[in-house]
Amino acid sequence: MRRKCRDYADRFVGIQRDEFRRLGVFAQWDNPYLTKDFSFEACEARELAAVIETGGLYRRRKPVHWCASCATALAEAEVDYDEHRSISVYVAFPAEGAGGALAPYAGSKPAVAIWTTTPWTLPANLAVALNPHLDYVLVEAGERSLLLAAAMVEGLRDKLGLGRTLATFTAAELENLELRHPWIDRPSRIILGDHVTLEAGTGCVHTAPGHGHDDFVVGSTYGLEAYAPVDARGRFSAEVPEFEGRFVFEADPAVVELLAERGVLLASEEIEHSYPHCWRCKKPIIFRATEQWFLSMEDNNLRARALAEIDRVQWIPDWGRERIYGMVKNRPDWCLSRQRAWGVPIIALHCQDCGSIESSAELALHAAGLFESEGADAWFAREIAELLPPGFSCSSCGGVNFERERDILDVWFDSGVSFSAVMESEFGSGVISDLYLEGSDQHRGWFHSALLASVATRNRAPYKAVLTHGFVLDGEGRKMSKSFGNVISPQDIIKRYGADILRLWVAAQDYREDLRISDEIVKRLADSYRRVRNTSRNLLGNLADFDPGTDWVEFSQLPELDRWILGRLHDFISRCREAYDAYEFHLVYHALNNFCSVELSSLYFDIVKDRLYCSARDSRERRAAQTTMYQILQALVRVVAPVMSFTAEEIWKSIPNASADDRADSVFLSDFPAAEEQWLDRDSAGRWEGIWKLRGEVTRALEEKRRDGEIGHSLDTRVILSGSGSEFEVLEALGAAGLAEVFIVSEVELKRDDSIRSLLVEVVAPRGEKCARCWIHAKGVGSHDDHPQLCDRCHAVIVAAAGTP
Amino acid sequence: MEYKQTLNLPSTDFPMRARLPEREPAAIEAWERMDIYGRMQEHRASAPKFLLHDGPPYANGAIHIGHALNKILKDIVLKYKALAGFATPYRPGWDCHGLPIELQV
């Protein structure tokens, strides 16, 4: 059985590993840790020893979440709350013989009114709890009188047929009065507990200590037994002959019928309410008292220490802190035992002579030694004598006849101690992980169990920061389910689009909330992927003949436009670095999109094209553009590498003539780009903002002309700008030629005119003929006999090129 | 004379069409051949460590979109930290005990 479980796990570890690798995830794939590794199981036994050493482990009969269908106890983390339909009942607990404060009213046939949504727990009733701070009243109700909280009378007057109030009591006056069970010949008694509220019911709470946590806690202060006459399969035992063998939920209607027969049913109704369900089989679960092993939250102040540690951890997003704090603050003791076979045993022995149970660090450490070489299977396979440390005997009677404990440890203890089995084993005992990163359900799962296991034995949290992400929903925000047919699998996306698109999707989402995915969403991402790819291709293509070693142009020698885009690059790199540091990857995605589509594609590339294509190959202005583009490409490829890993590596390997510093075998062996201080020029950035605004106006004016059929290409125009003041000075600083380049027109004329306040834009026909090579209407076209169709610039380029072999 | 031939037009082998589903498996092979993970650790051998501890998914069934989301987020964090100068050892894990496997078997 355990052998088969090992093989089964191995098979799926192999499958999932290949799938994770296909996502482009880098890891020690050939050396993963498995909770079934012998070394892990041995380490877990040692952690159990450490827990035993603290004295916090105890065994007791207590109600725990119990799945009757899986026949096992469940951890807090294994319980899901879901809507469930129950019969709720109001029941009278006869109090005629109660005496005490009720004695004077015995003639009114007093009874205590309770309300419950689990009628099947009534056979296990041992008490009725009242809130010690509330007033209770005895009210006429037909042939009898009912006791209930004063505050609840009006709301229940019609339902329970309440009449005149006969008397008022404090809860304290009623404590310990003896009631009768509604049908079983057994007393029930009035007890007091702060857990009783006025949210629903009568203010008098049916108490079955074997079937509820609060009931158990308050019951134990009154010495009540955790009575639960229900077997592991959820069937009534012989202790309840009237329902023996019946499944508890199916017994509900019969209980109601019996109550009605006995004349103690005051009212009943069906209700929908949130009810715990098994995370595995999805069936409603019960609380059932059984003998279990617990880690105490109060011994050694574990709860208080864990809460203090929570405040030393960085929770991302920050509401994670509230969530786990509330859970740790309110949780019951940790039920560590499971009645299953496949796991690490609770290392304890039952003395066959005196019946006591031995659990000690010595015993657990001895077992750990066996686990190291044979795994936890040794606990079940070895002779009992081999499980005993030398000279071991019962601490109560000195006996040496033992039977082994058969419960195993909660799997959350397995993964909870991974900080020890994995991180401390590799990095030393003082190590604390920088980050745990899981879905937001792990506040009650792994983050929680790891915190308790680590605080219990190390007095510190095992992590410095915890990051959580939401769940993936479909495009409409619905949960994915096979039956609904809206499941989108990673395998499908990889097959159709590739892992890089899936990775880009991950980065693009604000993962703090639930995330959505649909064909449409993925298609949109494929579009932005293409933009980044084309941007990169454009950069690569224009660098084909650029050698940074020989062609580099110093920053101070770069044209204004190139210095402007490097300023933008500075901003892009800084934003991305900050976003990565804050784990806000969607901001990287937005910065990337903006930089590629706005600053690069629609501004810089468009404008710089003339210099790159038409200027002499080795000219200063062309090398300047290439120097700039080289730096943009080097930054871009490294910024996107964590997200679009495949594409970044492909770009990296396509970079021609990379400088020695940039020639690592992989982009992942390079450094995140540095935003160079010299790129920042705030004055220039301000000037350019004005220029871009003006460019927008010019483009609109050109558009109009184009629509009217007056011009074809923007180069078939001359733009006249008239104005005055500081705004105009900015234009003069860049100069007419610079502006023509930026606007992609043949000529710009600047006319200072102090009578014009706001700038005037005129688009007119160009002067000069169109150059056949660069399409600019320029002087010189027609003046060169050898190349009459070329402008002066292009003529010079061609002649020089012809002169060189 | 055809002046277009005299322009310095862009030229690169980097293809316009990504064809990721076909190309990515070869890239993975290349990474594994060069032992990219090992090379990255070596490269940052003396750098400060950034330790992300992998939460073990349950070893049952194929991965779903939630698993992919989780592992990719971790990978983004670690690759960024590696580029930013940290040593980023990362050992993935699996949860192998428990009821779901016991019931399957």
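Residues numbered from 1 in each chain as written. Chains lettered and ligands numbered in written order. Predicted model: local features only at pLDDT ≥ 70, side-chain atom pairs only at ≥ 80, totals over all residues. Heavy atoms only, no water.

**As for the overall build of chain B**
We apply this condition: Only runs of H or I of at least four residues qualify as helices and only runs of E of at least two qualify as strands under DSSP, and these elements are numbered from the N terminus. Partly exposed residues are those whose accessible area sits between 20% and 50% of the maximum for their type, while under 20% is buried and over 50% is exposed, using a 1.4 Å probe and protein chains only. Contacts are assigned to residue pairs that have any heavy atoms within 4.5 Å of one another. The protein chains shown are the only cover counted for residues, whose accessible areas, like all others here, come from Shrake-Rupley with a 1.4 Å probe.
A count of helices and strands for chain B gives four helices and two strands. Ordered by position in the sequence, the α and β elements of chain B form the string α-α-β-α-β-α. Its C-alpha atoms give chain B principal-axis dimensions of about 80 × 40 × 25 Å. Burial status across chain B gives 60% buried among its 105 residues. Across chain B, every contact between residues at least 6 apart in sequence was considered, and the portion connecting residues at least 24 apart equals 79%. Of the roughly 4300 Å² of accessible surface on chain B, a fraction of 50% belongs to carbon and sulfur atoms.

**A closer look at the overall build of chain A**
Stated precisely, the cut-off is as follows: For a compact globule the rule gives 2.2 Å times the number of residues to the power 0.38, and the radius of gyration it is set against comes from C-alpha atoms. Only four residue types enter the charge count, namely Lys and Arg as positive and Asp and Glu as negative; His and the chain termini do not. Where a charge lies is defined by one atom per residue type, namely NZ (Lys), CZ (Arg), CG (Asp) and CD (Glu).
When helices and strands are counted, chain A shows 24 helices and 30 strands. The globule rule puts the C-alpha radius of gyration for 805 residues at 28 Å, and the 39 Å found for chain A is more than 25% above it. Structurally, chain A occupies a C-alpha span of about 125 × 75 × 45 Å along its principal axes. Within chain A, the proportion of its 805 residues that are buried is 57%. For chain A, the proportion of contacts with a sequence separation of at least 24, taken over those separated by at least 6, is 74%. Within the structure as shown, chain A displays about 33300 Å² of accessible surface, and the carbon and sulfur contribution to it stands at 48%. Counting 91 positive and 122 negative side-chain charges, chain A places the averaged centre of each group 3 Å from the other.

**Some remarks on the side chain of A:Arg773**
This is how it is decided: Note on definitions: salt bridges are taken to be side-chain nitrogens of Lys or Arg within 4 Å of carboxyl oxygens of Asp or Glu. Distance and chemistry together define a polar contact, namely a pair of N or O atoms within 3.5 Å, with one atom able to donate a hydrogen and the other to accept it when in protein, and with adjacent residues in sequence counting only for side-chain atoms on both sides.
Mapping A:Arg773 onto the fold places it in the loop between β29 (769–770) and β30 (777–778). Put simply, A:Arg773 is tucked away with no salt bridge, and the nearest opposite charge, on A:Asp610, sits 7.4 Å away. Only 2.8 Å separates the side chain of A:Arg773 from the backbone oxygen of A:Cys614, close enough to count as a polar contact. Sequence-distant contacts of A:Arg773, that is, excluding residues within four places in its chain, are made with A:Tyr613, A:Cys614, A:Leu790, A:Cys794, A:Val797, A:Ile798, B:Tyr3, B:Thr6 and B:Leu7.

**Concerning the nonpolar core**
Residue and element names in this part refer to chain A. Put simply, the test is: Buried Ala, Val, Leu, Ile, Met, Phe, Trp, Tyr and Cys residues that are joined via side-chain atoms within 4.5 Å together make up what is termed a nonpolar core.
Grouped together as the largest cluster of nonpolar side chains are 163 residues, with contacts concentrated most on Trp505, Phe572 and Tyr604. By residue number, the principal contributor to this core is helix α19 (residues 585–614), which donates 16 residues. If we ignore the near neighbours within four places in the chain, the residues touching tyrosine 604 are Leu561, Asp562, Ile565, Glu599, Ala625, Thr628, Met629 and Ile632. Grouped together as the second largest cluster of nonpolar side chains are 74 residues, Ala73, Leu122, Val196 and Leu266 included.

**Notes on the interface of chain B and chain A**
As a measure of interface size, the accessible area lost when the parts come together is often cited. Filter applied, for reference: Accessible area, probed at 1.4 Å, shrinks when two parts are joined; the buried area is that loss added up over both. Think of it as three bins: nonpolar holds Ala, Val, Leu, Ile, Met, Phe, Trp, Tyr, Cys and Pro, charged holds Asp, Glu, Lys and Arg, and polar takes everything else, Gly as well.
Every contact between the two is made by 81 residues of chain B and, on the other side, 122 residues of chain A. Note on chain B versus chain A: buried area summed over both sides is about 9400 Å², and carbon and sulfur give 67% of it. In this assembly, chain B and chain A are joined by eight salt bridges. Between B:Glu24 and A:Arg22 there is a salt bridge; the shortest N-O distance is 2.9 Å. Summed over the shared surface of chain B and chain A, the number is 55 residue pairs in polar contact (both at pLDDT 80 or more). Counting only elements with at least two residues in the side of chain B that touches chain A, the list comes to α1 (20–34), α2 (36–43), β1 (52–53), α3 (65–83), β2 (93–94) and α4 (99–104) of chain B. Here the side of chain B that touches chain A takes 17 residues from α3(B), the largest share from any one element. Across the side of chain B that touches chain A, the residue classes tally to 48 nonpolar, 17 polar and 16 charged.

**Some thoughts on the pattern of salt bridges**
Working definition: two side chains of opposite charge can pair if their charged atoms are close together. Residue and element names in this part refer to chain A. Scanning the model with the defined rule gives 73 salt bridges over all chains in all. Note that aspartate 7 is salt-bridged to arginine 3, the shortest N-O span being 3.3 Å. Taken together, the residues span about one helical turn, with aspartate 7 and arginine 3 both in helix α1 (residues 2–22) at a distance of four residues. Of the residues examined, aspartate 7 reaches a relative accessible area of 38% and is grouped as partly exposed. Look at arginine 3 and you get exposed, because its relative accessible area is 57%. A salt bridge links lysine 62 to aspartate 333, with the nearest nitrogen and oxygen atoms 3.7 Å apart.

**Examining the sheet that holds strand β23 (residues 463–469) of chain A**
Using the following cut-off: Between any two strands, at least two bridges found by DSSP are needed for them to pair.
The parallel open sheet is built from four strands, whose spatial order is β15(A)-β23(A)-β22(A)-β1(B). The open sheet terminates on both sides in strands that have one partner only, identified here as β15 (314–316) of chain A together with β1 of chain B. Direction of pairing for strand β22 (residues 433–439) of chain A relative to β23(A): parallel, over a ladder of six bridges. Among the inter-strand pairings, A:Leu435 is bridged to a residue of β23(A), identified as A:Ala465.

**Considerations on unusual backbone geometry**
Residue and element names in this part refer to chain A. Each neighbour pair has its own omega, and for isoleucine 316 with proline 317 the value is -5 degrees, a cis peptide bond. Inspection of the secondary structure assignment puts proline 317 in the loop between β15 and α8 (319–330). One non-glycine residue with positive phi stands out, namely asparagine 301, at about 60 degrees. With respect to the element layout, asparagine 301 can be found in the loop between β14 (286–295) and α7 (302–310). A positive phi is found at tryptophan 775, a non-glycine position, where the angle reads about 70 degrees. The topology assignment puts tryptophan 775 in the loop between β29 and β30. A residue is classified by how much of its surface remains accessible, and tryptophan 775, at 44% relative accessible area, is partly exposed.

**Describing the packing of helix α20 (residues 620–640) of chain A against helix α21 (residues 645–654) of chain A**
Residues and elements named next belong to chain A. Where we set the bar: To obtain each axis, a line is fitted to C-alpha atoms, and for helices this fit is confined to the stretch in contact; angles are then taken between N-to-C directions over 0 to 180 degrees. Roughly parallel means an angle under 35 degrees; roughly antiparallel, over 145; roughly perpendicular, 65 to 115; everything else is oblique. Crossings are classed by handedness, with left-handed meaning an anticlockwise turn of the near helix from the far one by less than a right angle and right-handed meaning a clockwise turn.
Taken N-terminus to C-terminus, the directions of α20 and α21 make an angle of 150 degrees; their axes are 8 Å apart at the nearest point. What the angle tells us is that α20 and α21 run roughly antiparallel. Relative to α21, α20 is oriented so that their crossing is left-handed. Side by side, α20 and α21 meet where Leu633, Gln634, Val637, Arg638 and Val640 of the first sit next to Ser645, Ala648, Ile651 and Trp652 of the second.

**Brief notes about the sheet that holds strand β4 (residues 79–94) of chain A**
Residue and element names in this part refer to chain A. Sheet architecture is open: six strands sit in the order β9-β7-β8-β5-β4-β13, paired in mixed fashion. Among the strands making up the open sheet, the edge pair consists of β9 (165–170) and β13 (265–278). Averaged over all pairs of adjacent strands, the angle between their axes in this sheet comes to 25 degrees, without regard to strand direction. In this sheet, strand β8 (residues 144–149) lies alongside strand β7 (residues 135–141) in antiparallel orientation, the contact comprising six bridges. In the sheet register, alanine 141 faces β8, and the bridge partner there is arginine 144. Contacting β4, β7, β8 and β13, helix α3 (residues 153–160) crosses the sheet at an angle of about 120 degrees to β13. Each of β4 and β13 touches helix α6 (residues 248–261); the most contacted strand, β4, lies at about 15 degrees to it.

**Regarding helix α9 (residues 361–374) of chain A**
Residues and elements named next belong to chain A. As a reminder, the rule being used: How far a helix is expected to stretch is found by multiplying one less than its residue total by 1.5 Å.
Taking 1.5 Å of rise per residue, 14 residues should cover 20 Å, and α9 covers 20 Å from first to last C-alpha, within 8% of that figure. Three or more residues of α9 are buried, namely Ala361, Leu363, Ala364, Ala367, Ala368, Leu370 and Phe371. Two residues or fewer past α9, glycine 375 is found with a positive phi of approximately 80 degrees.

**Things to note about the packing of aromatic side chains**
Remark: the centre distance and the inter-plane angle together describe each pair of aromatic rings, the angle taken between the planes. Residue and element names in this part refer to chain A. Rules: Stacked, tilted and edge-to-face pairs are distinguished by plane angle, under 30 degrees for stacked and over 60 for edge-to-face with tilted covering the rest, among Phe, Tyr and Trp rings (Trp via its six-membered ring) whose centres lie within 6.5 Å.
Following the criterion strictly, the structure yields 41 aromatic pairs over all chains and no others. Centre to centre, the rings of phenylalanine 247 and phenylalanine 249 are 5.7 Å apart; their planes meet at 65 degrees, and the pair counts as edge-to-face. According to the relative accessible area criterion, phenylalanine 247 is partly exposed, its value standing at 27%. Note on phenylalanine 249: relative accessible area 18%, which makes it buried.

**Some words on the packing of α7(A) against α8(A)**
Residues and elements named next belong to chain A. Where α7 contacts α8, the two axes come as close as 9 Å, and the packing angle between them is 175 degrees. In terms of orientation, α7 and α8 fall into the roughly antiparallel class. Of the residues in α8, those in contact with Arg303, Ala306, Leu307 and Ile310 of α7 are Arg321, Ile324, Tyr325, Val328, Lys329 and Asn330. Looking at the contact of α7 with α8 residue by residue, the class counts come to six nonpolar, one polar and three charged.

**Section: the pairing of β14(A)**
Residue and element names in this part refer to chain A. Across the 10 residues that make up β14, a large majority, eight, are buried. Relative to β14, strand β2 (residues 57–67) is paired through 10 bridges, and the arrangement is antiparallel. Paired with arginine 60 across the two strands is glutamine 292, which belongs to β14. Two strands pair when backbone bridges link them, and β14 and strand β16 (residues 334–335) are joined in this way by two bridges, in the antiparallel orientation. Within β16, the residue paired with phenylalanine 294 across the bridge is cysteine 335.

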